[in-house]
Amino acid sequence: MANPYFQFKKFTIRHDKCAMKVGTDAVLLGAWADTASCKNILDIGTGTGIIALMLAQRSCADIDAIDIDKDACIQAEENVAASPFAGRIKVIPASCADFARSTTLKKYDLIVSNPPYFINSLKCPDNKRSVARHTDSLPLSELVENARALLSSAGRIALVLPYEQLEEVKETAQKNFLHICRQTDVIPVSGAHPKRLLVELSPASTDTKNRNTLTIEEARHQYTPEYIALTKDFYLKM
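What you see is a predicted model; the values in this text were computed from it and never measured.

Engineer: What should I look at first to understand the nonpolar core in this one?
Structural biologist: Soluble globular proteins tend to bury their nonpolar side chains together. One finds F8, L29 and I50 to be the most contacted residues of the largest nonpolar core, which totals 40 residues. Residue assignment for this core shows that the elements contributing at least two residues are α1 (24–32), α2 (50–57), β4 (62–67), α3 (70–81), β5 (89–93), β6 (108–113), β7 (151–162) and β10 (210–219). Among the elements that take part in this core, α2 stands out by supplying seven residues, more than any other. Sequence-distant contacts of I50, defined by excluding residues within four places in its chain, comprise F8, F11, I13, V22, A26 and V27. Among the nonpolar cores identified, the runner-up in size contains 28 residues, and I92, A100, L138 and I157 belong to it.

Engineer: Even after reading the chapter, I still don't get the pairing of β7, so can you show me in this structure?
Structural biologist: Along a regular strand, successive side chains alternate from one face of the sheet to the other. The element β7 is extensively covered by neighbouring structure, given that 10 of its 12 residues are classed as buried. Sheet topology note: the β6/β7 ladder contains five bridges and is parallel. Bridging from a neighbouring strand, S113 pairs with L159 of β7. Across six bridges, β7 lies against strand β9 (residues 196–202) in antiparallel orientation. When the bridges of β9 are listed, L159 appears paired with V199.

Engineer: Help me understand the packing of α1 against α2, please; the structure alone is not making it clear to me.
Structural biologist: When two helices pack together, their arrangement is given by the angle between the helix axes and by the axis-to-axis distance. Two elements in contact, α1 and α2, have axes separated by 8 Å at closest approach and are oriented at 25 degrees. One way to sum up the angle between α1 and α2 is to call them roughly parallel. Between α1 and α2 lies a crossing whose hand is right-handed. The residues of α2 that touch α1, namely those facing A26, V27, L29, G30 and A31, are I50, I51, M54 and L55. Looking at the contact of α1 with α2 residue by residue, the class counts come to eight nonpolar, one polar and no charged.

Engineer: What is the right way to look at the packing of aromatic side chains in this model?
Structural biologist: If you walk through the whole model with that rule in mind, you get seven aromatic pairs. When the centroid spacing of 4.8 Å and the interplanar angle of 45 degrees are considered together, the rings of F6 and F8 count as tilted.

Engineer: Whenever I open this one, the layout of surface pockets confuses me. Can you help?
Structural biologist: Rolled over the atoms, a probe as big as a water molecule pinpoints where empty space is left. Taken as a whole, the second largest pocket encloses approximately 320 Å³ of empty space. Lining the second largest pocket are 19 residues, and of these T24, I216, Y223, Y227 and Y235 lie nearest its centre. Sorting the residues of the lining of the second largest pocket by element identifies α1, β8 (179–189) and β10 as the ones contributing at least two each. It is α1 that provides the largest number of residues to the lining of the second largest pocket, a total of four residues. Taken together, the residues that form the lining of the second largest pocket break down as 11 nonpolar, three polar and five charged.

Procedures and definitions
- Residues numbered from 1 in each chain as written.
- Predicted model: local features only at pLDDT ≥ 70, side-chain atom pairs only at ≥ 80, totals over all residues.
- Heavy atoms only, no water.
- Core = buried A, V, L, I, M, F, W, Y, C linked by side-chain atoms within 4.5 Å.
- Buried < 20%, exposed > 50% of the residue type's maximum accessible area, 1.4 Å probe, protein only.
- Helix = DSSP H or I, 4+ residues; strand = E, 2+ residues; numbered from the N terminus.
- Contact = heavy atoms within 4.5 Å.
- Pairing = 2+ DSSP bridges.
- Axes fitted to C-alpha atoms, helices over the stretch in contact; angles between N-to-C directions.
- Parallel < 35°, antiparallel > 145°, perpendicular 65-115°, else oblique.
- Left-handed = near helix turned anticlockwise from the far one by under 90°.
- Nonpolar A, V, L, I, M, F, W, Y, C, P; charged D, E, K, R; others polar.
- Phe/Tyr/Trp six-rings, centres within 6.5 Å; stacked < 30°, edge-to-face > 60°.
- 1 Å grid on protein atoms, 1.4 Å probe; cavity = no way out; pocket = protein on both sides within 12 Å on 5 of 7 lines; lining within 4 Å.
- Points joined across faces, edges and corners; volume = space filled by probe spheres on them.

Geometric values such as these leave the question of function open.
Given below as structure tokens:
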């Protein structure tokens, strides 16, 4: 049986009630997203609450964390309550679209999401896991459109996606009057092609785009100095 929890340096993530367990994608986004000067942050599809908790550790912001799965919200609330950051994170059971419709006055300096990303693939018989993994429940176009409506004038949207969605991200950003201002291509092991994309969108246009690559492993379980530097404040053994 899989371990029902994952221990980080400053908090514990229990994931026994959640369809999606703690994974590298969430850790990447939680460590990479730019929290500078953020007062209000929104985490869309929070799951266990891992990204919200990582961002709380890295900032002084107030954080709203939403998810369509009520069990995930219960799990996230438990993880938040047991953390040192309980006073700054609010977990809300809501879909992205419903939350955007009901939140008309509050704007966010940073909106993050580790969205479902399997497209046209065989679905898992576990419906909750399928919803958490497949884009049927939250297409990228819908996610960005709703996030754009909730974004402050100088705000940013930070996402972790399959690298294959880069062109879709560019098209979706353009349709919503957003610009890619920061991009990291994530390579799983030295010599491989990029598998993940960390991307930041902003309404503000910039002449230069901050783009780089991040390699996670030099070889199996041999992490690169760059990955260690990014995640050392979270992983126990980094």
